[in-house]
Amino acid sequence: MAARSALLKYLRVNVNPISRTLNPSSSAGLSFNVFRRLFSEEVRGSFLDKSEVTDRVVSVVKNFQKVDPSKVSPNAHFQNDLGLDSLDTVEIVMALEEEFGFEIPDNEADKISSINMAVDFIASHPQAK
């Protein structure tokens, strides 16, 4: 039970409504609620710096056997720029999982087709180390 409570505290996301007016000059004074997600302090502080993630992802890709390191840049597309096929992309995603210490779900891994996409996903994932 204690482990469940600790896990829920770590994963909990608070949602607070904020009242906003759509058009302040309108006579109707229409308003709507905007919901804002507030991560717990432990989760908020655990995201990696995007520049650090970029450096590490570029390094992993440069060390991949089938990649010419001179073609690797933060904007490189795995297939179009680096000439990798879908199996090579899977291998790179697996290497990124090992580098950052967490598993990327298959449905998300299928969407990663460039270094920028990998960086965006990893930098926004609280379990990345």
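Residues numbered from 1 in each chain as written. Predicted model: local features only at pLDDT ≥ 70, side-chain atom pairs only at ≥ 80, totals over all residues. Heavy atoms only, no water.

Draft legend 1. Local environment of the environment of S51. With respect to the helices and strands, S51 occurs in helix α3 (residues 50-62). Considering only alpha carbons, one finds S51 and A123, 72 residues apart in sequence, at a separation of 9.1 Å. (Helix = DSSP H or I, 4+ residues; strand = E, 2+ residues; numbered from the N terminus.)

Draft legend 2. Spotlight on the packing of α3 against helix α4 (residues 86-100). Contact pair α3 / α4: the axes reach a minimum separation of 10 Å and the direction vectors enclose 130 degrees. Relative to α4, the element α3 lies oblique. In this structure, the crossing between α3 and α4 has a hand that is right-handed. Taken together, the residues of α4 that come into contact with α3 (itself represented by V53, R56, V57, V60 and V61) are I92, A95, L96, E99 and F100. In terms of residue class, the contact of α3 with α4 is built from 8 nonpolar, no polar and 2 charged. (Axes fitted to C-alpha atoms, helices over the stretch in contact; angles between N-to-C directions. Parallel < 35°, antiparallel > 145°, perpendicular 65-115°, else oblique. Left-handed = near helix turned anticlockwise from the far one by under 90°. Contact = heavy atoms within 4.5 Å. Nonpolar A, V, L, I, M, F, W, Y, C, P; charged D, E, K, R; others polar.)

Draft legend 3. Quick look at the pattern of salt bridges. Scanning the model with the defined rule gives 5 salt bridges in all. Note that D120 is salt-bridged to K50, the shortest N-O span being 2.8 Å. Here K50 lies in helix α3 and D120 lies in helix α6 (residues 115-123), a separation of 70 residues in the sequence. The partner of E108 in a salt bridge is K111, and the shortest N-O contact between them spans 3.6 Å. A cluster of three or more residues bridged by salt bridges with shared partners is formed by E52, R56 and E99. (Salt bridge = Lys/Arg side-chain N within 4 Å of Asp/Glu carboxyl O.)

Draft legend 4. Main features of the packing of α3 against α6. At their nearest, the axes of α3 and α6 sit 9 Å apart, and the two run at 130 degrees to each other. In terms of axis orientation, α3 runs oblique to α6. The handedness of the crossing between α3 and α6 is right-handed. Residues K50, V53, T54, V57, V58 and V61 of α3 pack against I115, A118, V119, D120, I122 and A123 of α6. Split into classes, the residues belonging to the contact of α3 with α6 amount to 9 nonpolar, 1 polar and 2 charged.

Draft legend 5. Highlighting the confidence of the model for the protein chain. For the protein chain, per-residue confidence averages 75 on the pLDDT scale, and 63% of positions sit at 70 or higher. Of all secondary-structure elements in the protein chain, the lowest mean pLDDT belongs to helix α2 (residues 41-44), at 46, while α4 reaches the highest, 89. Note that pLDDT drops below 50 for residues 32-37; the model gives that stretch 21 contacts with residues more than four away or on any other chain. When the criterion is pLDDT under 50, residues 39-45 qualifies, and its contacts beyond four places in sequence or with other chains add up to 9 contacts. (pLDDT = per-residue confidence, 0-100.)

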